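Residue-level listing of the chains:
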Amino acid sequence: MLSYRHAFHAGNHADVLKHALVVRMLRHLAQKDKSYWYIDTHAGAGVYSLTEGFAAKNAEYENGIARLWERTDLPPLIADYVDEVTALNADGELRFYPGSPYLAWRLMREQDRMRLYELHSTEIDVLRHNFRDAGRRAMIYEGDGFDGIKAILPPPPRRALVLIDPSYEDKRDYARTLACLEESLKRFATGTYAVWYPIVARPESQRFAEQLKAIRPNGWLHAALTVRQPPEDGFGLYGSGMFILNPPYTLAAELKQVLPYLVDTLGEDKNASFKLEHRAA
Ligand code: SAM
């Protein structure tokens with residue numbers, strides 16, 4: 001039984017880090033005319049209302065996207081992402097938040113394709129509804145994304161961004177993500193893979209970055225943002241990380257500027273910090 005609903009967390013600090021990087025990586029793929037695929041193993045609902053339902057209840061976006069909304073000093077990488085959120089809120093009021101499939105859809109060109117997996121029966125209905133006019137350029141599969149992508153790698157154009165973004169509420173997601181990456185690299189070694197992970201007070205989370213980095217000696221980037229001190233009761237997300245295999249080659253340099261900015265704008269106490277590690281290919 002799946003209980004996680006991403007809407008509770010839409011637009012929070014973790015979504016900011018993840019989605020700003022997804023936009024940046026898709027921009028990189030679009031620098032060449034040749035087509036690419038965007039593959040999302042854990043797609044969610046696609047678009048979220050911030051003023052109604054689950055997101056309004058927790059209002060996590062208030063410490064995420066809302067803190068960037070009216071800033072005039074955004075670094076280019078963050079400004080590009082915020083522009084995409086703005087496009088969904090044409091009247092200037094922050095009411096809707098794009099999930100990763102929607103951001104990818106906005107950036108896709110005619111020649112590009114999208115493959116989305118979602119296991120939750122309610123989320124998939126919303127996702128299908130949100131993409132009802134997309135046609136065959138966006139294929140949506142109801143099912144397990146870890147298993148599903150085995151059938152579609154390597155993608156025909158041999159260029160892709162694969163986002164692996166489980167909720168990790170089931171602690172098996174950590175091991176499944178590692179296995180999925182290793183298996184996927186055998187099928188498609190040159191793809192760009194982005195793994196999001198939560199920084200929470202549980203051993204699986206604390207050792208995860210080291211396990212990800214051990215997959216390959218080089219050709220990776222690890223960016224993590226901690227927004228507050230670990231909670232005393234041991235519960236709750238206090239940061240998140242993105243681990244990227246085959247990242248754009250300028251990304252590490254860009255993040256040297258971006259991550260301190262996110263610490264300043266999204267940090268909630270004096271323990272806010274970032275980590276940036278990179279091994280060039
Ligand atoms: N990628 C989305 C975004 O950035 O907007 C958010 C995804 S959310 C963190 C994780 C989603 O994965 C949830 O909607 C959940 O229902 C779904 N899910 C959980 N286990 C899954 C699995 N094994 N395969 C595919 N989807 C799964």
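Residues numbered from 1 in each chain as written. Predicted model: local features only at pLDDT ≥ 70, side-chain atom pairs only at ≥ 80, totals over all residues. Heavy atoms only, no water.

Enquirer: Can you tell me about the side chain of Thr-177, naming the residues and giving the values?
Expert: By secondary structure assignment, the location of Thr-177 is in helix H8 (residues 172-187). At 2.7 Å, the side chain of Thr-177 forms a polar contact with the backbone oxygen of Asp-173. (Helix = DSSP H or I, 4+ residues; strand = E, 2+ residues; numbered from the N terminus. Polar contact = N/O pair within 3.5 Å; in protein donor to acceptor, adjacent residues only side chain to side chain.)

Enquirer: With reference to specific residues and values, describe the packing of aromatic side chains.
Expert: In total, this model carries nine aromatic pairs according to the counting rule given. Each ring, one from Tyr-117 and one from Tyr-141, has its centre 4.9 Å from the other, and the planes form 25°; the classification is stacked. Residue Tyr-117 is located in strand S4 (residues 113-118), and its partner Tyr-141 is located in strand S5 (residues 138-142); the two are separated by 24 residues in the primary sequence. Classification of Tyr-141 as partly exposed rests on a relative accessible area of 28%. Across the ring face of Trp-196, the terminal group of Lys-18 is positioned such that the distance to the ring centre comes to 5.4 Å. (Phe/Tyr/Trp six-rings, centres within 6.5 Å; stacked < 30°, edge-to-face > 60°. Buried < 20%, exposed > 50% of the residue type's maximum accessible area, 1.4 Å probe, protein only. Lys NZ or Arg CZ within 6 Å of the ring centre and 35° of its normal.)

Enquirer: Which residues make up the pattern of salt bridges, and what values do they have?
Expert: Tallied over the full model, the rule gives 19 salt bridges. In this structure, Asp-165 and Lys-18 form a salt bridge, with 2.7 Å as the shortest nitrogen-oxygen distance. Placement of the pair is Asp-165 in the loop between strand S6 (160-164) and H8 and Lys-18 in helix H1 (residues 13-29), with a sequence separation of 147 residues. Of the two residues, Asp-165 and Lys-18, both sit in the buried class. Asp-170 is the salt-bridge partner of Arg-172, the closest N and O atoms lying 2.7 Å from each other. For Arg-172, a relative accessible area of 58% translates into the label exposed. Here Asp-170 falls in the partly exposed class, since its relative accessible area comes to 32%. Members of the salt-bridge network, linked through shared partners, are Arg-27, Asp-80, Glu-84 and Arg-106. (Salt bridge = Lys/Arg side-chain N within 4 Å of Asp/Glu carboxyl O.)

Enquirer: Give a description of the environment of Glu-52 that names residues and reports values.
Expert: In this structure, Glu-52 sits in the loop between strand S2 (47-49) and helix H2 (53-58). Spatially, the C-alpha atom of Glu-52 lies 8.8 Å from that of Arg-95, the residues being 43 residues apart in sequence.

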